[in-house]
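Each chain, letter by letter, is given below.
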Amino acid sequence: MKTYKYNRCKLSFSLGSRILIVLFTIISFIGCTDLSESTYTFINPDNYYNTEEELESALNSVYADFRTFAAGYKTLMTLELLTEHAMPAHSSKDGVKNFNSWQGVNQSTTYNIQIWDSGYELINRCNVVLGRGDKVNISGDKRNQIYGQARFFRAYTMFVLLRIYGRLAIPESYTSGLAGLEIPRKTIDETYNFIIDDLKYCIDNLPTRSQWGSGAYYKASKGAAQALLGDVYLTRGCMDAYNVNYFQEAKKYLGEVIKSQEYELLPDYKSLWYWFVEDAAKNTKESLLEVQFGASQVSDLHCYFGINTKDECLGGKMYARAGIAHKSYFSFQDEDVRKQCFLTEYTITGTTTRRWWEPEYKGFSGKGEGMWPSTSPGCVKFYDRTKSCYDTGGSKANYIAMRYSDVLLNYAEVENYLNGPTEDAYSKLNAVHNRSNSNPVATGLSKEAFDDAIFQERVWEFIGEGHLYYDELRTNRLGKNVYEYKTYMFENGYYNCQKLQFVPQKTFLWKIPQTSLDSNPALEQNPDNVSDPKYPL
């Protein structure tokens, strides 16, 4: 096993921030579903991490930072707006119109997806745990559990960054000064292998969900590591000319999650969401990994996927930065339970005045009788309609980062790549589909048509959750779908929908922020992306 030391270099510091590298701040958070944070004073790491309690505090800071990284509204909103499944709502803040039209995508300064910095902050917190744990007097099994959790979140973070930026710089040592900040990027294969090594360690050392027990369902588990590794191999296979060897590995690890019987689909899709069942939606048996929110650590995701209003029946105030695209909403069959996760009407509290969405006005508000206050329906997957949310503005709804339906659909996809639409592949797709939709998937589909059916299921299952960008990019659907729908939206005069400026190819990579290049001279910038020539603008 490698011994990792803490690298305080975030590979993204401005000049002033680099001076602060000599300092160290631990942010701790405690509890299960109510994860509160407290801040320690500046501490010399050589004099800290001598006890199990201190090492656990470092691990807690990893979970706290994961919440910020994985459930940041700007990342989720941006990734959704870049697909054809979202449109700008009435606010033009946060660059929503520009992202939706793919404007300025080659910039490394004011306009980029802005998660490189937060990703490396989280990686560094993981490296604290891995770099200081060997000196702590605890049992080997306990140390491996702590290391396993740190390595899981490091792998998760690197997988996100890899899909957005490509090959990564991989810090493995810590520094107490400004030396050693020049860390070059590894190759794509080296980056993938590093992530895979982390996840295999997690599989060998992390407890299962049931072994953690109900008080710790929120913790990284063996099943979550297996599912994530399956996703890593699936993505690597798609990006490497549909490499069969990687697909076989993906099927192996996804199959192990299924065979473990640690997870299952909930009978009712609505019971995944706080809007419908409140705390009963948290950390269910369908969930492999959730970002925890509670009374003292609240979410603001509802603000940005809402309907630009405040009413007690809806919970906290909403700002409506992005909404579901009209075409995507109408792709749901009326019988599909998942369609109920979108807010299309409500009655103002204490009155008989109704508001309802009128799509014929193409997103312009205040024109119809119902005077709907946003461009499209709201996504209740992030809503908390309790009185406390209305009073405080903060939602207690968790963000589900990984769930079992994703495992089943990934398995169906990779089985289809390997063997076509077999009974095994159909059974996994049907398990997800039939849970919410009474109209069955057509039988006898070709390999290509079955692949399309899986992707459509992913849209219905995960829309609004920030996953579809990755799915469309790796399956080479993003450019075609964006071009066709966003051109239609602009030409037909939908609100805030600008002319498309760029059509992404499968090779699309975001620019590394210029501040990171300034701080780490060994970094190489990604080349300019080229708009797909098959789709003239």
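As a reminder, the structure under discussion sits directly above these lines.
In this report, the structure presented in the accompanying data block is examined. What you are looking at is a predicted structure, and each value in this text was computed from that prediction instead of being measured. (Residues numbered from 1 in each chain as written. Predicted model: local features only at pLDDT ≥ 70, side-chain atom pairs only at ≥ 80, totals over all residues. Heavy atoms only, no water.)

**Details of the overall build of the chain**
Consideration 1: Counting secondary structure elements, the chain contains 20 helices and ten strands.
Consideration 2: By the burial criterion, 61% of the 537 residues in the chain qualify as buried.
Consideration 3: Accessible surface computed for the chain: about 20400 Å², of which carbon and sulfur atoms make up 48%. (Helix = DSSP H or I, 4+ residues; strand = E, 2+ residues; numbered from the N terminus. Buried < 20%, exposed > 50% of the residue type's maximum accessible area, 1.4 Å probe, protein only. Areas by Shrake-Rupley, 256 points an atom, 1.4 Å probe, with all protein chains shown as cover.)

**Describing the pattern of salt bridges**
Consideration 1: For the structure shown, the criterion picks out 35 salt bridges.
Consideration 2: Here Glu52 ties to Lys142 by a salt bridge, and the two come within 4.0 Å at their closest N and O atoms. On the criterion of sequence distance, the pair formed by Glu52 in helix 2 (residues 52-70) and Lys142 in helix 6 (residues 140-165) is long-range, its members being 90 residues apart.
Consideration 3: Residue classification places Glu52 among the partly exposed residues on the basis of a relative accessible area of 35%.
Consideration 4: Asp471 serves as the salt-bridge partner of Arg474, at 3.4 Å between the closest nitrogen and oxygen. Of this pair, Arg474 and Asp471 are both found in helix 18 (residues 468-474), three residues apart, which corresponds to roughly one turn of the helix. For the pair shown, Arg474 and Asp471 are each scored as buried.
Consideration 5: If you follow the salt bridges from partner to partner, you end up with Glu286, Asp336, Arg338, Lys381, Arg403, Arg435, Glu457, Glu461 and Glu465 in one network. (Salt bridge = Lys/Arg side-chain N within 4 Å of Asp/Glu carboxyl O.)

**Details of the pairing of strand 10 (residues 399-403)**
Consideration 1: Along strand 10, five of the five residues are buried, which leaves the element largely enclosed by surrounding structure.
Consideration 2: Where strand 4 (residues 287-291) meets strand 10, four bridges bridge the pair, whose relative direction is antiparallel. If you follow Leu289 over to strand 10, its bridge partner there is Met402. (Pairing = 2+ DSSP bridges.)

**Concerning the packing of aromatic side chains**
Consideration 1: The tally for this structure, following the rule as stated, stands at 39 aromatic pairs.
Consideration 2: Here the aromatic rings of Phe152 and Tyr156 are separated by 6.4 Å at their centres, their planes lie at 40 degrees, and the arrangement is tilted. Here Tyr156 and Phe152 lie together in helix 6, a separation of four residues that amounts to about one turn. There is no split in this pair, since Phe152 and Tyr156 are both buried.
Consideration 3: Note on Phe332 and Trp460: the rings are 6.4 Å apart at their centroids and 40 degrees apart in plane angle, and the pair reads as tilted. (Phe/Tyr/Trp six-rings, centres within 6.5 Å; stacked < 30°, edge-to-face > 60°.)

**Concerning the packing of helix 7 (residues 188-205) against helix 9 (residues 222-239)**
Consideration 1: The contact between helix 7 and helix 9 brings their axes to 8 Å, and the two run at 160 degrees. Here helix 9 runs roughly antiparallel to helix 7, going by the angle between their axes. Crossing geometry of helix 7 relative to helix 9 is assigned as left-handed. Contact residues: helix 7 offers Asp189, Tyr192, Asn193, Ile195, Ile196, Leu199, Lys200, Cys202 and Ile203, while helix 9 offers Lys222, Ala225, Gln226, Leu228, Leu229, Val232, Tyr233, Thr235, Arg236 and Met239. (Axes fitted to C-alpha atoms, helices over the stretch in contact; angles between N-to-C directions. Parallel < 35°, antiparallel > 145°, perpendicular 65-115°, else oblique. Left-handed = near helix turned anticlockwise from the far one by under 90°. Contact = heavy atoms within 4.5 Å.)

**Side note on the side chain of His326**
Consideration 1: By the secondary structure assignment, His326 is in helix 13 (residues 326-331).
Consideration 2: Under the relative-accessibility criterion, His326 is labelled buried at 4%.
Consideration 3: Setting aside anything within four residues of it in sequence, one finds His326 in contact with Met87, Trp357, Pro359, Lys362, Gly363, Thr375, Ser376, Tyr485 and Tyr494.

**Some thoughts on the state of the cysteines**
Consideration 1: A full pass over the atoms with the stated rule returns zero disulfides.
Consideration 2: Counting only cysteine sulfurs, Cys202 is the nearest neighbor of Cys126, a cysteine outside any disulfide, at a range of 9.7 Å.
Consideration 3: With relative accessibility at 0%, the residue Cys126 sits in the buried group. (Disulfide = S-S within 2.5 Å.)

By themselves, these are just geometric observations and shouldn't be taken as functional.
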